[in-house]
Amino acid sequence: MKQFIDFIPLLLFFIVYKLDPRVIDLAGHELTFGGIYSATAVLIISSLVVYGALFISQRKLEKSQWLTLVACLVFGSLTLAFHSETFLKWKAPVVNWLFALAFIGSHFIGDRLLIKRIMGHALTLPEPVWVRLNVAWIVFFLFCGAANLFVAFTFQDYWVDFKVFGSLGMTVLFLVAQGIYLSRHLHDTDPTTPKTED
């Protein structure tokens, strides 16, 4: 569910981007609505609203959500300040690669893999399965980052479509594949992790 909450600002960004640019009057100020720059402003504002609401309701944000929000503010602000969409094109690759780096780092830092910290409260799995899952997430984020970068600078007319629906599609396919893989191990026991009763 958290994965899909992150797509709300992206969907709003996509809708505004696809609108034909038009000038609207807002409190005596003329603003252009539609196109990449107003869509970027909507992305920033909607991200603040979505993550702000989550923070108020949960009293906290996940580290991944903080990273996504900060990246949106930084790359979005640079895009508007320098009037260049190049900065925004780098947002998805950088965020994905930072996520990959976090999963890689958990192999060497801390007592548990990152995927086990995220899902360990809900599943009991053998340690080799946790390792394979963690590696799968590393490969997924590396691939997503590379795919977003390639499309953004090679197929510039379609990069926004791919940023929204390509990323969503890759995430859904990966989560389905992960679910199928996990279904084979749901009855396996991890000798290092005691089972808990719900």
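Residues numbered from 1 in each chain as written. Predicted model: local features only at pLDDT ≥ 70, side-chain atom pairs only at ≥ 80, totals over all residues. Heavy atoms only, no water.

**Points about the environment of Ile115**
Summarising the element assignment, Ile115 is placed in helix 7 (residues 114-119). For Ile115, a relative accessible area of 1% gives the class buried. In this structure the C-alpha to C-alpha distance between Ile115 and Lys60, which are 55 residues apart in sequence, comes to 20 Å. When near neighbours in sequence (up to four residues on either side) are disregarded, Ile115 contacts Phe103, Gly120, Trp130, Leu133, Asn134, Trp137 and Gln178. (Helix = DSSP H or I, 4+ residues; strand = E, 2+ residues; numbered from the N terminus. Buried < 20%, exposed > 50% of the residue type's maximum accessible area, 1.4 Å probe, protein only. Contact = heavy atoms within 4.5 Å.)

**Points about the packing of aromatic side chains**
The tally for this structure, following the rule as stated, stands at 14 aromatic pairs. Seen from their ring centres, Phe13 and Tyr17 are 6.2 Å apart, and the 20° between their planes marks the pair as stacked. Of this pair, Phe13 and Tyr17 both sit in helix 2 (residues 7-18), four residues apart, which is roughly one turn of the helix. We classify Phe13 as buried; its relative accessible area is 0%. (Phe/Tyr/Trp six-rings, centres within 6.5 Å; stacked < 30°, edge-to-face > 60°.)

**Remarks on the UniProt feature "transmembrane region" (unreviewed entry) in the chain**
As annotated in UniProt, the feature "transmembrane region" (unreviewed entry) corresponds to residues 34-54, 66-82, 94-114, 135-156 and 162-182 in the numbering used here. Between the end C-alpha atoms of residues 34-54 the distance is 27 Å, and the span holds 90% helix and 0% strand. Secondary structure content for residues 135-156 is 91% helix and 0% strand, and the end C-alpha separation is 31 Å. (UniProt positions renumbered as here; feature names shortened; annotations may be inferred.)

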